[in-house]
Structure formats: structure tokens, C-alpha cells
Amino acid sequence: MRKTIEVNDVKKEIEKLVKNAIQYNKDGNHELYEYCYNKAICYKTLIQEIAIDYDKPSYSKEFSDIDDWFNEITNNDIYK
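Read on for an overview of the structure. Everything quoted here is computed from the prediction, not taken from an experiment.

## Section: helix 3 (residues 59-78)
Alright, step 1. An ideal rise of 1.5 Å per residue puts 28 Å on 20 residues; helix 3 measures up with 29 Å between its terminal C-alpha atoms.
Alright, step 2. The set of residues buried in helix 3 consists of Ile66, Trp69, Phe70, Ile73, Thr74 and Asp77. Projected down its long axis, helix 3 shows its buried positions confined to an angular sector of 125°, all on one face.
Alright, step 3. Those residues of helix 3 that are buried are in contact with helix 1 (7-27) and helix 2 (30-51).

## Details of helix 1
Alright, step 1. Its 21 residues give helix 1 an end-to-end C-alpha distance of 30 Å, which sits within 8% of 30 Å, the value for a rise of 1.5 Å per residue.
Alright, step 2. Among the residues of helix 1, Val10, Ile14, Leu17, Val18, Ala21 and Ile22 are the ones counted as buried. Axial view of helix 1: buried residues confined to an arc of 130°, hence all on one face. In helix 1, the exposed positions that point more than 90 degrees away from the buried face belong to Asn8, Lys12, Lys26 and Asp27.
Alright, step 3. Where helix 1 is buried, its residues meet helix 2 and helix 3.
Alright, step 4. Once helix 1 finishes, Gly28 follows within two positions and takes phi at roughly 90°, a positive value.

## Thoughts on the packing of helix 1 against helix 2
Alright, step 1. Packing of helix 1 against helix 2 leaves a shortest axis separation of 8 Å and a crossing angle of 160°. One element, helix 1, and the other, helix 2, form an angle in the roughly antiparallel class. Taken as a pair, helix 1 and helix 2 cross one another with a handedness that is left-handed. Packed against helix 1, whose contacting residues are Val7, Val10, Lys11, Glu13, Ile14, Leu17, Val18, Asn20, Ala21, Ile22, Tyr24 and Asn25, the element helix 2 presents His30, Leu32, Tyr33, Cys36, Tyr37, Lys39, Ala40, Tyr43, Lys44, Ile47 and Ala51 at the interface.
Alright, step 2. Of the residues assigned to the contact of helix 1 with helix 2, the class counts are 16 nonpolar, three polar and four charged.

## Some points on the nonpolar core
Alright, step 1. Counting residues in each nonpolar core, the largest one holds 14 residues, and the members touching the most others are Ile14, Val18, Ala40, Ile47, Trp69, Phe70 and Ile73.
Alright, step 2. Sorting the residues of this core by element identifies helix 1, helix 2 and helix 3 as the ones contributing at least two each.
Alright, step 3. Examining the composition of this core, we find that six residues originate from one element, helix 1, more than from any other.
Alright, step 4. Setting aside its immediate chain neighbours within four residues, Ala40 contacts Ile14, Leu17, Val18 and Phe70.

So, how was this worked out
Residues numbered from 1 in each chain as written. Predicted model: local features only at pLDDT ≥ 70, side-chain atom pairs only at ≥ 80, totals over all residues. Heavy atoms only, no water. Helix = DSSP H or I, 4+ residues; strand = E, 2+ residues; numbered from the N terminus. Expected span 1.5 Å × (residues − 1). Buried < 20%, exposed > 50% of the residue type's maximum accessible area, 1.4 Å probe, protein only. Arc of directions from axis to C-beta. Contact = heavy atoms within 4.5 Å. Axes fitted to C-alpha atoms, helices over the stretch in contact; angles between N-to-C directions. Parallel < 35°, antiparallel > 145°, perpendicular 65-115°, else oblique. Left-handed = near helix turned anticlockwise from the far one by under 90°. Nonpolar A, V, L, I, M, F, W, Y, C, P; charged D, E, K, R; others polar. Core = buried A, V, L, I, M, F, W, Y, C linked by side-chain atoms within 4.5 Å.

The structure is reproduced here in C-alpha cells:
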């Protein structure tokens, strides 16, 4: 049986992981920080590799948009 995963659901999970990672880093728990942040990066890569249609001419823009989005949520949480 196949299951469909929505990109927005994965993005919400990434946001939660980034927030948790930054909080763990502030609390000095570097192992959990690395775990959460690396997992968020894996999910981001998963979206880029699976959800983007590389046959479309706009794939590079979609790829960069996800990178920009990830950097934005990371920076927003760091500088809160």
C-alpha cells in the first residue's frame, strides 16, 4: 500500500525540528541539536529530491526556493 505525504506536512515537521534543534543548542544539549538539525536537513533534501519535477524548466527555481525557505526559518529561529 502506498501512502501520499504532502510537502506542506513535511515542511511543518522541518520547522518543528529546526525550532527544537535551536532550543537544544541554547540549552547546551549539542547531541540532540545535531540530531534534530540533521534530520531537518534530511527532510529538506527529501523534498528537493522527490517532490520537484526535474523535467520542468522551473526545477532549479523550486530547488532554490526550498533552500531559501529553509535558511529563512533557521535564521528566524536563531535570531528570535
